[in-house]
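Here is what each chain is made of, one letter per residue.
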Amino acid sequence: MTEPRKSVLTGLRDDTAVLERISEDLTQKFTGIFAAETVERYVFESYTALARTSRIRTYLASTTARFAADRLRALAQAKGAIAHDVPEVLFVCVHNAGRSQMAAALLNKHAQGAVHVRSAGSAPVAELEPSVMAAMEEAGIDLSEEFPKPLTDDVVRAADVVVTMGCGDSCPIYPGKQYLDWKIEDPAMKDLAGAREIRDEIDLLVRELLTELTTAKKEN
């Protein structure tokens with residue numbers, strides 16, 4: 001297991017009080033589902049995972065709170081402790097800075113609550129690609145609050161559909177899930193025109209997936 005880099009350990013010491021407050025808030029939110037020790041472990045693990053790639057510490061506490069909360073929700077869904085009312089879709093690419101973020105945002109926009117969406121990266125980077133953010137803004141989608149997240153077992157277990165885009169065999173395989181592999185070019189280092197093309201290609205695939213999911217739900 002790779003040891004956290006020194007700056008992560010230093011930051012962890014500095015932010016312990018903040019992380020403990022986050023843990024207390026999430027313990028209340030998940031009362032009756034998870035013990036306080038489980039919540040605290042998820043919070044501190046989430047902080048360490050995000051801190052490995054974070055360049056700016058200003059928003060690290062808030063992103064940790066969001067990431068840990070989503071992971072705990074995913075774990076609760078996988079265990080059947082939280083209702084699984086709509087299909088869960090997970091998009092995975094390498095950096096979670098382009099393709100998977102685009103796909104998640106587009107599906108979320110088109111689904112309007114009919115599907116719950118997550119995204120993650122097998123090797124996440126510090127921030128989203130600027131060209132991706134600009135292309136999505138043109139489509140009326142603001143990604144300024146999004147951040148790259150590492151792929152974790154809990155979100156895979158909670159998913160009904162896992163869509164991979166260039167991340168190879170890094171995603172664990174569990175029975176009872178639908179796995180799709182979309183051959184989409186990586187927008188990293190692309191200009192705005194290139195990002196637009198990738199956005200539009202993903203949009204078509206996302207709309208097809210949404211149609212399949214909503215049709216299947218009606219039939220069931």
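Below or above, wherever it landed, is the structure these notes cover. Everything numeric here is computed off the predicted structure, so don't read it as measured data.

### A short note on helix 3 (residues 36-51)
It helps to recall that an α-helix has 3.6 residues per turn; residues three or four apart then point in one direction. For helix 3, which comprises 16 residues, the first-to-last C-alpha distance of 22 Å matches the rise-based estimate of 22 Å (1.5 Å per residue) to within 8%. The set of residues buried in helix 3 consists of V39, Y42, V43, F44, S46, Y47, T48, L50 and A51.

### What to know about a negative patch on the surface
Residues E20, E24, D25, E37 and E40 make up a contiguous surface patch of negative charge. Broken down by secondary-structure element, the contributors of at least two residues to the negative patch are helix 2 (16-29) and helix 3. In terms of residue count, the dominant contributor to the negative patch is helix 2 (three residues). Relative to the assigned elements, E20 resides in helix 2. Its relative accessible area of 38% is what places E20 among the partly exposed residues.

### Here we look at the sheet that holds strand 1 (residues 88-93)
Strands sit in the order 2-1-3-4 across an open sheet of four strands; the sheet is parallel. Here the strands that pair on one side only, and so sit at the sheet edges, are strand 2 (116-121) and strand 4 (178-181). Across the sheet, the mean angle from the axis of one strand to that of its neighbour is 20°, orientation sign disregarded. Sitting on the sheet, helix 4 (residues 60-79) is in contact with strand 1 and strand 2, with an inclination near 120° to strand 2.

### Observations regarding the pairing of strand 1
For strand 1, a buried count of six out of six residues is recorded, marking the element as mostly surrounded by other parts of the structure. By the alternation rule, side chains of strand 1 split into E88, L90 and V92 and V89, F91 and C93, which are all buried. Where strand 1 lies against strand 2, six bridges are found, and the strand directions are parallel. Its bridge partner being in strand 2, C93 is matched across the sheet by G121. At this point the chain moves from strand 1, through helix 5 (residues 99-111), to the parallel strand 2, and the crossover so formed is right-handed. Judged from the five bridges that link them, strand 1 and strand 3 (residues 161-165) form a sheet pairing that is parallel. Within strand 3, the position partnered with V89 by the bridge is V161.

### Details of the packing of aromatic side chains
Under the definition given, this model contains two aromatic pairs. Ring geometry for F30 and F34: centres 5.8 Å apart, planes at 50°, overall tilted. Taking relative accessible area as the criterion, F30 reaches 3% and is therefore assigned buried. With relative accessibility at 10%, the residue F34 sits in the buried group. For the cation-ring pair, R71 lies above F67, with the distance from its terminal atom to the ring centre recorded as 5.7 Å. K149 extends its terminal NZ or CZ atom over the ring of F147, reaching a point 5.1 Å from the ring centre.

Conventions and cut-offs
Residues numbered from 1 in each chain as written. Predicted model: local features only at pLDDT ≥ 70, side-chain atom pairs only at ≥ 80, totals over all residues. Heavy atoms only, no water. Helix = DSSP H or I, 4+ residues; strand = E, 2+ residues; numbered from the N terminus. Expected span 1.5 Å × (residues − 1). Buried < 20%, exposed > 50% of the residue type's maximum accessible area, 1.4 Å probe, protein only. Patch = residues over 30% accessible without salt bridge, like charges linked within 9 Å, V, L, I, M, F, W, Y side chains within 5 Å. Areas by Shrake-Rupley, 256 points an atom, 1.4 Å probe, with all protein chains shown as cover. Salt bridge = Lys/Arg side-chain N within 4 Å of Asp/Glu carboxyl O. Lys, Arg positive; Asp, Glu negative; His and termini not counted. Charge placed at Lys NZ, Arg CZ, Asp CG, Glu CD. Pairing = 2+ DSSP bridges. Axes fitted to C-alpha atoms, helices over the stretch in contact; angles between N-to-C directions. Contact = heavy atoms within 4.5 Å. Right-handed = clockwise from strand over helix to strand, strands pointing away. Phe/Tyr/Trp six-rings, centres within 6.5 Å; stacked < 30°, edge-to-face > 60°. Lys NZ or Arg CZ within 6 Å of the ring centre and 35° of its normal.

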